[in-house]
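Next come the chains, spelled out residue by residue.
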Amino acid sequence: MSTTTLPVTPRYSPEYRFNVQIYYEDTDFSGVVYHPNFLKYFERAREHVIGAEILHNLWQQQQLGFAVYRTDMVCHDGVEFADIIDVRTQFYFESKFRTVWKQSIWRPNATKAAVTATIEMVCMNQKRQLAPMPPALISQLSAGMA
């Protein structure tokens, strides 16, 4: 059995960007995004990084998927109805079981992020047990990492 040696400093992926239109249904009575919706936007962005077809095939063919293990989210500024936000995403492999995602949400023409989050994901099998990510998936996602 081989062991995985992790670098002292994580090797981040390139930054991925994903735009989301804010609809009225995403907001509270004041027109500001209801905070749990930020987690949905982050999830959509991660799905675009990995690819829906890859995630579907991983589950159907290898009975593997990803689950959120830990989330740390900070809301610095409100996001409002009709904004088109820029969800920025980077990740690194913490181990063959876990990825760490650094994500932020930016309003149009902003000089700082409105929301920032660190989200840890673990790979699990259909029995909801930790499982290593397939080497082919790690290799594919590692392309272009610094």
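Everything below is about the structure shown above.
Here is what the cut-offs are and how they apply
Residues numbered from 1 in each chain as written. Predicted model: local features only at pLDDT ≥ 70, side-chain atom pairs only at ≥ 80, totals over all residues. Heavy atoms only, no water. Core = buried A, V, L, I, M, F, W, Y, C linked by side-chain atoms within 4.5 Å. Buried < 20%, exposed > 50% of the residue type's maximum accessible area, 1.4 Å probe, protein only. Helix = DSSP H or I, 4+ residues; strand = E, 2+ residues; numbered from the N terminus. Contact = heavy atoms within 4.5 Å. Pairing = 2+ DSSP bridges. Axes fitted to C-alpha atoms, helices over the stretch in contact; angles between N-to-C directions.

Draft legend 1. Local environment of the nonpolar core. Counting residues in each nonpolar core, the largest one holds 32 residues, and the members touching the most others are F38, Y41, F42, V79, I85, V87 and I105. Looking at this core, the elements that each hand over two or more residues are β1 (16-21), α1 (36-50), β3 (84-93), β4 (98-106), β5 (115-125) and α3 (135-142). At 6 residues, the largest contribution of residues to this core is made by α1. Residue contacts for F38: discarding those within four places in its chain leaves V33, M73, C75, V79, I105 and V115.

Draft legend 2. Summary view of the sheet that holds β3. Spatially, β1-β3-β4-β5-β2 is the arrangement adopted by the 5 strands of the open sheet, whose pairing is antiparallel. Among the strands making up the open sheet, the edge pair consists of β1 and β2 (64-75). Each neighbouring strand pair of the sheet contributes to a mean axis angle of 25 degrees, computed without reference to strand direction. Looking at chain direction, β1 and β3 are connected through 6 bridges and run antiparallel. Its bridge partner lying in β3, Y16 is registered against T89. Along the sheet face, α1 touches β1, β2, β3, β4 and β5 and points at about 120 degrees away from the line of β4.

Draft legend 3. Representation of the pairing of β4 in the model. Of all the 9 residues making up β4, 7 are buried; the element is thus mostly covered by neighbouring parts of the structure. Bridge count for β3 against β4 is 8 bridges, and the pairing is antiparallel. Bridging across to β4, D86 finds its partner in W106. Linking β3 back to β4 in an antiparallel pair, the connection comprises 4 residues. Two strands pair when backbone bridges link them, and β4 and β5 are joined in this way by 8 bridges, in the antiparallel orientation. Considered in β5, the bridge of W101 is made with I119.

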